[in-house]
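Survey of secondary and tertiary structure
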Amino acid sequence: MKRVLILEDSLIVSKLLANLLRAKGFEVRECTTVSEAQNDLSNVDLAILDYSLPDGTGLEIAEELKRRRPDVPMFLLTARGSSIPRDVARKAGIKEYMEKPVEPEMLLKTVERYCAIDADT
Amino acid sequence: MCPFSPFVPFVLTVCVFLLIWWYWKTGRLLSIIKRSRDRFKALVDLSPYGVALTSKTGQIVSANRALADLLGRDVRSLVGASMPQLLGLDSKQIEHGYANLSPGEILKLPGLHLTGSDGKVYHLRPCLFFHETHPDLLFWHIQDQTTYFELEKRFEELVESVPVGLFWADLNGTIRAVNPEFKEMFASVDTPSNLEELLSNKLWKQVKKSIVSKDHVFKTQIEVKDGNRTRYLKVELKICHHGASNYLAGILKDETVEQELQQELKAAYDKAEAASRAKSIFLSQMSHEFRTPLNVIMGMATLLEDKITDGQALELVSDLKKASEHLTSLIGDILDLAKIESGRLTLDEHPFDLKDLMENLSDVLGVQARLKDLDFRLDFPEDIHRFFKGDPVRIRQIIFNLAGNAIKLTQKGWVEIALSCRDAEGDNKKCLEIRVTDTGPGIPEDVLPELFKPFVQAEDGRRAGGTGLGLSIARELTELMGGSINVKSKVGEGTTFTVQIVLEAVDECFVPETRQNSKVALRPGTAIVADDVQMNRKILKAFLEKKGWKILEASDGVEVLEILDQESKIDVVFMDVSMPRMDGVEAARRIRQNERWKDIPIIAVTAHAMAEDRERFLSAGMDGYVSKPVKPDLLFEEMAHVLSERVLGKEEAGNVSILEPKASKPVSRSEKNKVQKRQDSKDSPVDYEALVATCQGMEELANELLKALVGECPKWIEEAERAVASLNPKEIRKICHLIRGSASTIHAHELNSAAEALGKAAREGKSELYPVHLNALKEAGQRLQAWISAKICLPDAIDTLEDITQEASKQKDVTLQA
């Protein structure tokens, strides 16, 4: 079905989101660093990217992904009160901007919505 | 010789002198007489009046030229003619007439008509008299009163035939003369003889007062009964001068027809007004009727979404929701449009923050634009005045309709809203111009004039799912505000809508508190849900229970009061407005009257969404309202607003977000929740209930996460110690951030808040607090690990990533099979 990439340095968060998505029938790949994610960006249909990572920011991957696969929707997870301007994120190609802690239901619904849109076009 | 002979020449001379003197005297006398005679002759001859001398029987002795001209005869030929005959008079009449005449008395004969030699008809007034010096002669004067007679005749005809009543009265009010029409108007009653009778005592007094001024025309209306009809007569009168005397002249005009027409008009107007009101009530009722089942559909669909895991079924439900959302907007739009058209939509004008409105709007529109990969820009220049007086809800609606349309119809490029402001006529008035531009397909020229009509849409519009009423409503609202809206478009390039409205700029200090940002979540408690329709209760209950609330149901106002009486700690009451026995408004009033409950938050849940209704709720003591169909996010937003206001008072509500979701910060009263289910969760380091909920009910997953936490926690503590030891605020903040990210996700609120405290100290540079907070963090970590171990009877710690993910994939197989 759909292949989702989760780039998140918190094990707990990554585990939670991955499991929830898998329960909905998605294929999930988890990475915890930017370099890990860099290696395989080809088989991705949707990307959920944490902003602050040990070796960089999620936006780097976002830009890379946007270049290679512009049709792939990307979400950015940031800490609450983070000051990453939305237009910077948007320029990098981010479609959804979510603050942590992420409400799982909301994330799932958003992911599904993007898949639905994808199905339409 | 004669003795007299010497005197003879002397006597002769004297005689001669006497003769000459006498002759001369006589001559003089004669000339005087002659002159006198000539004078009178001239007088008589040149007089325009016909003058004649006749015998007692009327035989003309002499006549003047005027008479001769009048009669068309030669002067000389008149001598001897019979005057009575010439004038066509009865000689007997004359004889009788002057027989009794005394000298000097003038006998006036009635006017007579004579056809002159020129064929014209003359009107003559003869009069005669005699003088004592000439008792056998009659002196005649004949006046030519033709012109006068003509005028009089014409005047009389006018007075007779004119279709208004005319009257003359003296200054005492006595009516001296009336024309036939006047009499006609009083056909069935007595013709009034004086103005007091005509007008009424009061009016006559007024006339007397005002009539002094020469040019003043006194106007009034009187009623006269005519059988079983009433005649309405307009009266106008003024003072007139005639020589030395003054009198009053006036007219009476029958305005019965006009009056009746006016009455009919008023009746028709009242009828139309009543019809309009009935329509409005109908609309309001329809609104209610439509929204109630829609509420059910929407609510059920939302609840269904949570229960379904199958992807295809989810899509179906999503379509169901979309369709009912569309229906809701459509109903809203139709009702708005109907309200505007029947003139029943009123603007709710008050001071508002334009910048806030635009930013809020931009957030929403931005999301929509991003979904289609469009750029969305808001151009709000810094120098624009920020606060205005107007109806922000409707202004927002206008802009939203235009921009929303733009986004819907544009496939690539951008949508921009640009604002500009310039001075306008009037105190503090500014002309606000809002331009919505898009790079969409553009609108063909032939469609442009029809664009603002309801349901006119280009193909794309329909496909994009609009209601077709957005532009109509935008235009009607703009015009209601006295503004203008127009459109420019080029096919293939894009479209620009320009809205111009004049608003009053106001000072900042008059703007009321703006809403707290709705990103806060609520601490659950106990609520009463009151609605006579079980379905509606069920929906609201489900929404609230999902967030951890305990719900008590009531089906009318009486039951609400009963529950309040029995239960001690109710946090909020949700009240439907229309319920049997006792409705929501009445119940709210009763609640407020009771000392015990006067602070309880009450939120109206209603299908009545009109502004007047809102006023009604608020004045009955309700704190907020949500309209049906109920959307969960709006519901919680309203709850957050109402509950924060109630507990802290209005000023603080704007500043403090006391409703912190999972942290156990310094608590305020509102955080003392009474959810029984959560009694145990509250005291433990992890809110287990919430965690399981987050895991969508998968307890195994929750446990897995807790196990992983046990593995990670020591590493975090170590990292934190290192950072504190190095006194590097950036490092401290980094690790705290990491801890918080994970802890908050799995509802380990104790750990979360400990990390927050340390991070805050680092942010504020308060290094003296580091040790204290670090210790708290360590303790929290230890407590957490102990609790988790106890909770899930931990086997030997799983501390490798692979193991954890393997567990997770096993998880997947399990759920898929299920």
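Residues numbered from 1 in each chain as written. Chains lettered and ligands numbered in written order. Predicted model: local features only at pLDDT ≥ 70, side-chain atom pairs only at ≥ 80, totals over all residues.

As for the overall build of chain B
Looking only at helices and strands, chain B has 28 helices and 23 strands in total. Split into buried and exposed, the 818 residues of chain B put 29% on the buried side. (Helix = DSSP H or I, 4+ residues; strand = E, 2+ residues; numbered from the N terminus. Buried ≥ 20, exposed ≤ 12 C-beta atoms within 10 Å, placed from the backbone.)

Things to note about the overall build of chain A
Scanning chain A for helices and strands turns up five helices and seven strands. Secondary structure elements of chain A occur, N-terminal to C-terminal, as β-α-β-α-β-β-β-α-β-α-β-α. Among the 121 residues that make up chain A, the fraction classed as buried is 47%. When contacts within chain A are restricted to residue pairs at least 6 apart in sequence, those whose partners lie at least 24 apart make up 58%. (Contact = placed C-beta atoms within 7 Å.)

Considerations on the confidence of the model for chain B
All names here are of chain B. With 87% of its residues at a pLDDT of 70 or more, chain B has an overall mean of 80. Throughout residues 796-805 the model reports pLDDT below 50, and contacts reaching past four residues in sequence, or to other chains, amount to 10 contacts. Taken together, the chains of this predicted complex give a pTM of 0.39 and an interface ipTM of 0.84. (pLDDT = per-residue confidence, 0-100.)

Quick look at the interface of chain B and chain A
Opposite the 28 residues of chain B that make contact, chain A presents 23 residues. Those elements giving two or more residues to the side of chain B that touches chain A turn out to be helix 11 (311-341), helix 24 (699-725), helix 25 (729-745) and helix 28 (801-817) of chain B. Looking at the side of chain B that touches chain A residue by residue, the class counts come to 11 nonpolar, 12 polar and five charged. (Nonpolar A, V, L, I, M, F, W, Y, C, P; charged D, E, K, R; others polar.)

Focus on unusual backbone geometry
Residue and element names in this part refer to chain B. The backbone phi angle of asparagine 428 is positive, close to 60°, even though this residue is not glycine. Its location among the elements puts asparagine 428 in the loop between strand 15 (414-423) and strand 16 (429-438). Not every positive phi belongs to a glycine, and glutamine 696 is a case in point at roughly 55°. Following the sequence through the fold, glutamine 696 ends up in the loop between helix 23 (688-694) and helix 24.

Overview of the pairing of strand 8 (residues 175-178) of chain B
Residue and element names in this part refer to chain B. Two elements, strand 7 (residues 165-169) and strand 8, share three bridges in a ladder whose sense is antiparallel. Within strand 8, the position partnered with alanine 169 by the bridge is isoleucine 175. Hairpin remark: strand 7 followed by strand 8, antiparallel, with five residues in the connecting loop; positive phi at glycine 173, about 105°. (Pairing = 2+ DSSP bridges.)

Overview of the pairing of strand 19 (residues 526-530) of chain B
Residue and element names in this part refer to chain B. In terms of burial, strand 19 is a largely internal element, four of the five residues being buried. Of the pairings in the sheet, the one linking strand 19 to strand 20 (residues 550-554) comprises five bridges and is parallel in character. Among the inter-strand pairings, threonine 526 is bridged to a residue of strand 20, identified as lysine 550. Regarding the hand of the β-α-β motif, the stretch spanning strand 19, helix 16 (residues 534-546) and strand 20 is right-handed. Here strand 19 runs beside strand 21 (residues 572-576); their pairing, made up of four bridges, is parallel. Each residue of the ladder has a partner; that of isoleucine 528, found in strand 21, is valine 573. (Right-handed = clockwise from strand over helix to strand, strands pointing away.)

Re the sheet that holds strand 6 (residues 74-79) of chain A
Through backbone hydrogen bonds, the strands of a sheet pair up, either in parallel or in antiparallel fashion. Residue and element names in this part refer to chain A. If you trace the five strands from one edge of the open sheet to the other, you get 2-1-3-6-7, paired in parallel fashion. The two strands at the open ends of the sheet, each matched to only one other strand, are strand 2 (27-31) and strand 7 (96-100). Pairs of neighbouring strands in the sheet enclose a mean axial angle of 20°, with direction left out of account. Sheet contacts for helix 1 (residues 11-23): strand 1 (3-7), strand 2 and strand 3 (46-50); angle to strand 2, the most-contacted strand, approximately 170°. (Axes fitted to C-alpha atoms, helices over the stretch in contact; angles between N-to-C directions.)

Structural notes on the sheet that holds strand 20 of chain B
All names here are of chain B. The five strands lie next to each other as 20-19-21-22-23, forming an open sheet whose pairing is parallel. The strands lining the two open edges of the sheet, one partner per strand, are strand 20 and strand 23 (624-627). If you compare each strand with its neighbour and ignore which way they point, the axes differ by 20° on average. Running over the sheet, helix 16 touches strand 19, strand 20, strand 21 and strand 22 (602-606) and is turned about 165° from strand 20. Across the face of the sheet, helix 17 (residues 557-566) comes into contact with strand 19, strand 20 and strand 21 while running at roughly 135° to strand 20.

A short note on helix 1 of chain A
Residues and elements named next belong to chain A. Over its 13 residues, helix 1 runs 18 Å from end to end, which matches the ideal 18 Å to within 8%, given 1.5 Å per residue. Counting buried positions over the 13 residues of helix 1 gives 13, a clear majority of the element. Positioned one or two residues after helix 1, glycine 25 has a phi angle of 100°, which is positive. (Expected span 1.5 Å × (residues − 1).)

Topic: the nonpolar core
Ranked by internal contacts, the top residues of the largest apolar core, which has 77 residues, are Ile48, Leu49 and Met74 of chain A together with Leu705, Leu709 and Leu758 of chain B. Apart from the residues lying within four places of it in its own chain, the contact partners of leucine 49 of chain A are Leu7, Gly58, Ile61, Ala62, Met74, Phe75, Leu76 and Leu77 of chain A. (Core = buried A, V, L, I, M, F, W, Y, C linked by C-beta atoms within 7 Å.)

Let's talk about helix 3 (residues 58-68) of chain A
Residues and elements named next belong to chain A. Residues of helix 3 that are buried include every one of Gly58, Leu59, Ile61, Ala62 and Leu65, and no others. Mapping the buried residues of helix 3 onto a view down its axis gives an arc of 155°, with all of them on the same face. Exposed and oriented more than 90 degrees from the buried face of helix 3 are Arg67 and Arg68. (Arc of directions from axis to C-beta.)

Structural notes on the confidence of the model for chain A
For chain A, per-residue confidence averages 82 on the pLDDT scale, and residues scoring 70 or more make up 90% of the total. Here helix 5 (residues 104-120) of chain A stands out as the least confident element of chain A, with mean pLDDT 75; strand 1 of chain A is the most confident, with 92.

Side note on the packing of helix 25 of chain B against helix 26 (residues 749-763) of chain B
Residue and element names in this part refer to chain B. Relative to each other, helix 25 and helix 26 sit at 160°, their axes nearing to 8 Å. The angle between helix 25 and helix 26 falls in the class roughly antiparallel. As for how helix 25 packs across helix 26, the hand of that crossing is left-handed. Judged by residue contacts, Pro729, Ile732, Arg733, Cys736, His737, Ile739, Arg740, Ala743 and Ser744 of helix 25 engage Leu751, Asn752, Ala755, Glu756, Leu758, Gly759, Ala762 and Arg763 from helix 26. Residue composition of the contact of helix 25 with helix 26, grouped by class: nine nonpolar, four polar and four charged. (Parallel < 35°, antiparallel > 145°, perpendicular 65-115°, else oblique. Left-handed = near helix turned anticlockwise from the far one by under 90°.)

Observations regarding the environment of arginine 592 of chain B
Residue and element names in this part refer to chain B. Position of arginine 592 relative to the elements: it lies in helix 18 (residues 584-593). Judged by the 16 C-beta atoms lying within 10 Å of it, arginine 592 falls in the partly exposed class. For the pair arginine 592 and methionine 622, spaced 30 residues apart in sequence, the C-alpha to C-alpha distance is 8.9 Å. Filtering out sequence-adjacent residues up to four positions away, arginine 592 remains in contact with Lys598 and Gly621.

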